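Per-entry structural report
If you want the building blocks of each chain, they are given just below.
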Amino acid sequence: MSAITHMPTSIAPPATAPRRRFPLIIVLLLVPMAVVNLAAFVLPVLRLGQISFLESRSGGVLTDVYTFGNYLDFFTDSFNFGLVINSLWISFTVTVATLICAYPIALFLHRVSPVWRNTLFVITVSPLLVSSVVRTYGWMVLLGDQGLINGSLLSMGLISEPVRLINNTLGVFIGLVEILIPYMALALIAGFGKLDQSLEEAAASLGANAFTRFRRIVFPLTLPGVALGCLLCFVLAISSFITPKLLGGGRVFLLATEIFDQAIIQLEWPRAAATSVIVLIIFGFALAVYSRVVRRFD
Amino acid sequence: MIGKISVPFRIVVIFLYLFLLAPILVVLPLSFSNDSYLTFPPESWGVRWYVAMFQHAGLINAFWLSLGIASVVTALSLAVGIPAAYAIGRHEFRGKEFALSLFTAPLLLPSIVLGLAILLVFVQARLLGTVTGLIIAHLIVTTPYVVRIVITSLSTLPPSVEEAATMLGASPLTVFRRITLPLMAPGIVASAALSFLLSFDEVVISLFITGPRLTTLPVEIFNYVESQTDPMTAAISVVLVTATLVIIMLIERTLGLSRTIGK
């Protein structure tokens, strides 16, 4: 195996290590991963882009005719336009609500004694290990017409017939907020490092009350974490599929559910591909907004 | 009392945790319902749905398929991801940063988009509804994590240990086998566990690739929940959550064990 002798001698300090172009051993180590990446990522994404410009036919038929029609539909067709607006609006409100729910949890974890911190941290992120299908099913049990909430309200006589809590936007909203809280909490905790108790003590000694201290000291210091968490939750919300599909009951139309319906039920692949590209463009915009916001902190 | 936790704050946090855990906790009592439809609280109790679950051929087949696929995907993820991570983490070469961002880029793509993209290529390659297709698709989900985790675990151990072994006359292969590999063990165990769980849980991409005759467990559960709401899904959920807990506790044990051996 002459290849092995080609390994850069790691005895030399890294700074002067020869930066060879492509020693055989490196090629051999990287090739399997590159093949997987090419087959299941690079080629599919390129193909997706190409197909999004093909004329749309139902039944999984692909033509050779290139067109901008699939994209123009998003500006001319009111259903498609509404889809984009609806997705953006739900993702935005879900992100804000997730922030409001996750912020106290993250602040609590930052302040609680280390004994409790580890246990509570595990409890906060453990829902990530539970399948989203299972968690969404849990919400169907809680919010359904004969679910826990409606059942309790009915037996207490507070309502005379079940309140519609699922198969509508409200159900999707509640489910998404709960699914996304662990992600938001993780991003917030990562950004809470700058939060120093002595700063709050200084503000208090200068006469600031609890609300002022939060508004002027705590919240501004945690803004980088807030920005990261919001970006993460927004992109996860706009691309979420399982929760809107199951809790929306086919009555809530979002970009992600539409991609699936167009691709699997109507078999209009070019349209589904174009919808996917729209989602990726929204991703790009969200990233651009995030990097502008983050630059202002520095 | 600066930075201390006031009682109202404590109460708010307790309610938020209840909200966060409610959908997971509620399936436990429901799984012991004997009702034929979903009502909460159940009107009669029993293990009827646990029995029904084990008699549901579609579910059992899907379970074995998922178990098999997750095992193969875990083995292949390590076989493909560890060499790439070793090359990136321990060698200098042109385009190293590019390779790293390319290999971890699939993490950034929403699964619904990746699922459709893979469908469009697999339909031509005749890989739809095949085990091979499912394995390749799952690999693109798991390998970015393997590469990331193994590179991180490599960066925490100093190359000086390997250099010492080389200076004492060990061949590069011996150094890798006797020094690098054991030191990477916690990272490898962690990425194996994560690969298994990710593959076993994967649902969105699988929805695009599975067919009527080939269904993984999460897809089978998804289809079941979509078509009928009876307490059987609760029984399945309880079994799945328990299994996940057991796996994580086992990993924690082994990881703790390997750490004590390492030191």
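Residues numbered from 1 in each chain as written. Chains lettered and ligands numbered in written order. Predicted model: local features only at pLDDT ≥ 70, side-chain atom pairs only at ≥ 80, totals over all residues. Heavy atoms only, no water.

Regarding the overall build of chain A
Worth spelling out the cut-off: For helices the rule is a DSSP run of H or I covering at least 4 residues; for strands it is a run of E covering at least 2, with both sets numbered from the N terminus onward. It is over C-alpha atoms that the radius of gyration is taken, and the globule rule equals 2.2 Å times the number of residues to the power 0.38. Buried, partly exposed and exposed residues are distinguished by accessible area as a fraction of the type maximum, computed with a 1.4 Å probe on protein chains only: under 20%, between the cut-offs, and over 50%, respectively. Using a 1.4 Å probe, the Shrake-Rupley method yields the accessible areas, and only the shown protein chains count as cover for residues. Here Asp and Glu are counted as negative and Lys and Arg as positive; His is not counted, and neither are the chain ends. A charged residue contributes its charge at one atom only: NZ of Lys, CZ of Arg, CG of Asp or CD of Glu.
Check the secondary structure of chain A and you find 14 helices and 0 strands. Relative to the 2.2 N^0.38 estimate, which gives 19 Å for 298 residues, the radius of gyration of chain A is 25 Å and therefore markedly larger than a compact globule would have. In terms of overall dimensions, chain A has a C-alpha envelope of 75 × 60 × 35 Å along the principal axes. Across the 298 residues of chain A, 46% fall into the buried class. Counting only carbon and sulfur atoms, one obtains 68% of the accessible surface of chain A, whose full area is about 14,500 Å². For chain A, the distance from the average site of its 19 positive side-chain charges to the average site of its 14 negative ones is 12 Å.

As for the UniProt feature "transmembrane region" (unreviewed entry) in chain B
Residues and elements named next belong to chain B. To keep it simple, the criterion reads: UniProt positions are given in the numbering used here, feature names are shortened, and annotations may be inferred rather than shown by experiment.
Under the local residue numbering, the UniProt record ascribes the feature "transmembrane region" (unreviewed entry) to residues 12-32, 63-86, 98-121, 127-147, 187-211 and 231-251. Between the C-alpha atoms that bound residues 12-32 there is a distance of 31 Å. The span itself is 90% helix and 0% strand. For residues 63-86, the end-to-end C-alpha separation is 34 Å, with 100% helix and 0% strand making up the annotated structure.

Some thoughts on the environment of Ile236(B)
All names here are of chain B. Here is the rule we go by: Should any heavy atoms of two residues lie within 4.5 Å, those residues are counted as being in contact.
On the secondary structure map, Ile 236 appears in helix 12 (residues 232-262). In sequence terms Ile 236 and Leu 78 are 158 residues apart; their C-alpha atoms lie 29 Å from each other. In contact with Ile 236, other than residues within four places in its own chain, are Met 53, Leu 59 and Ile 221.

Focus on the environment of Gly250(A)
Tracing the chain through its elements places Gly250(A) in the loop between helix 12 (242-248) and helix 13 (255-265). Gly250(A) sits 82 residues away from Asn168(A) along the chain, and the two C-alpha atoms are 8.7 Å apart.

Notes on the UniProt feature "transmembrane region" (unreviewed entry) in chain A
Residues and elements named next belong to chain A. According to UniProt, the "transmembrane region" (unreviewed entry) feature falls on residues 21-46, 88-109, 121-142, 170-192, 217-242 and 272-290. Across residues 88-109, helical content stands at 100% and strand content at 0%; the span's end C-alpha atoms are separated by 31 Å. Along residues 272-290 the backbone is 100% helical and 0% strand, and the end-to-end C-alpha distance reaches 27 Å.

Considering the interface of chain B and chain A
The following threshold applies: Buried area: the sum, over both parts, of the accessible surface (1.4 Å probe) that disappears when the two are put together. Each reported salt bridge corresponds to a side-chain nitrogen of Lys or Arg within 4 Å of a carboxyl oxygen of Asp or Glu. Under this grouping Gly is polar, as are all residues other than the nonpolar Ala, Val, Leu, Ile, Met, Phe, Trp, Tyr, Cys and Pro and the charged Asp, Glu, Lys and Arg.
Each partner contributes to the interface: chain B provides 84 residues, whereas chain A provides 82 residues. Interface of chain B and chain A: buried area, both sides summed, is about 7,500 Å²; carbon and sulfur atoms make up 81% of it. At the junction of chain B with chain A, the criterion picks out 1 salt bridge. Taken together, the residues of the side of chain B that touches chain A sort by class into 64 nonpolar, 11 polar and 9 charged.

Points about the pattern of salt bridges
For side chains of opposite charge, pairing can occur when their charged atoms come near one another. What the rule picks out here adds up to 8 salt bridges over all chains. Two residues, Glu162(B) and Arg90(B), come together in a salt bridge whose shortest N-O distance is 2.8 Å. A residue pair is termed long-range when its members are at least 10 positions apart, and Glu162(B) in helix 8 (residues 160-167) and Arg90(B) in helix 4 (residues 57-90) qualify at 72 residues. In this structure Glu162(B) comes out as buried when scored by relative accessible area, which is 6%. Across the salt bridge formed by Lys96(B) and Glu92(B), the nearest N and O atoms sit 3.4 Å from each other. Residue classification places Lys96(B) among the buried residues on the basis of a relative accessible area of 13%. Note on Glu92(B): relative accessible area 29%, which makes it partly exposed. A single salt-bridge network, built from bridges that share partners, covers Asp73(A), Glu268(A) and Arg271(A).

Quick word on the UniProt feature "domain: ABC transmembrane type-1" (unreviewed entry) in chain B
When the UniProt feature table is mapped onto this chain, "domain: ABC transmembrane type-1" (unreviewed entry) is found at residues 63-251 of chain B. Secondary structure across residues 63-251 of chain B comprises 79% helix and 0% strand; the distance between its end C-alpha atoms is 22 Å.

Observations concerning unusual backbone geometry
Peptide bonds are, in most cases, trans, and in most cases residues other than glycine have a negative phi. Residue and element names in this part refer to chain A. Despite not being glycine, Asn 167 shows a phi value in the positive range, around 65°. Positionally, Asn 167 belongs in the loop between helix 7 (148-155) and helix 8 (169-191). Positioned with a positive phi, Leu 267 is a non-glycine residue whose angle comes to about 55°. Relative to the assigned elements, Leu 267 resides in the loop between helix 13 and helix 14 (269-297). With relative accessibility at 31%, the residue Leu 267 sits in the partly exposed group.

Some words on the UniProt feature "domain: ABC transmembrane type-1" (unreviewed entry) in chain A
UniProt's feature table lists "domain: ABC transmembrane type-1" (unreviewed entry) at residues 84-290 of chain A, given in the numbering used throughout. The distance separating the terminal C-alpha atoms of residues 84-290 of chain A is 20 Å; by composition the span is 77% helix and 0% strand.

Quick look at the state of the cysteines
All names here are of chain A. The test is simple: Cysteine sulfur atoms are paired as a disulfide whenever they come within 2.5 Å of each other.
Taken as a whole and assessed by the stated rule, the structure comprises 0 disulfides over all chains. Not part of a disulfide, Cys 101 finds its nearest cysteine sulfur in Cys 233, a span of 11 Å. Unpaired in this structure, Cys 233 has its nearest cysteine sulfur neighbour in Cys 230, at a distance of 7.0 Å.

Details of the packing of helix 11 (residues 223-238) of chain A against helix 14 of chain A
All names here are of chain A. Rule in force here: Each axis is a line fitted through C-alpha atoms, and for a helix only the stretch in contact is used; angles between axes span 0 to 180 degrees, taken between their N-to-C directions. Comment on the angle field: the value is read as roughly parallel under 35 degrees, roughly antiparallel over 145, roughly perpendicular from 65 to 115, and oblique elsewhere.
In the contact formed by helix 11 and helix 14, the axes pass within 10 Å of each other and the chain directions differ by 175°. Taken together, the axes of helix 11 and helix 14 lie roughly antiparallel to each other. Along the contact surface, helix 11 presents Leu 223, Pro 224, Ala 227, Leu 228, Leu 231, Phe 234, Val 235 and Ile 238, while helix 14 presents Ile 282, Phe 283, Ala 286, Leu 287, Tyr 290, Val 293 and Phe 297. Within the contact of helix 11 with helix 14, the residues separate by chemical class into 15 nonpolar, no polar and no charged.

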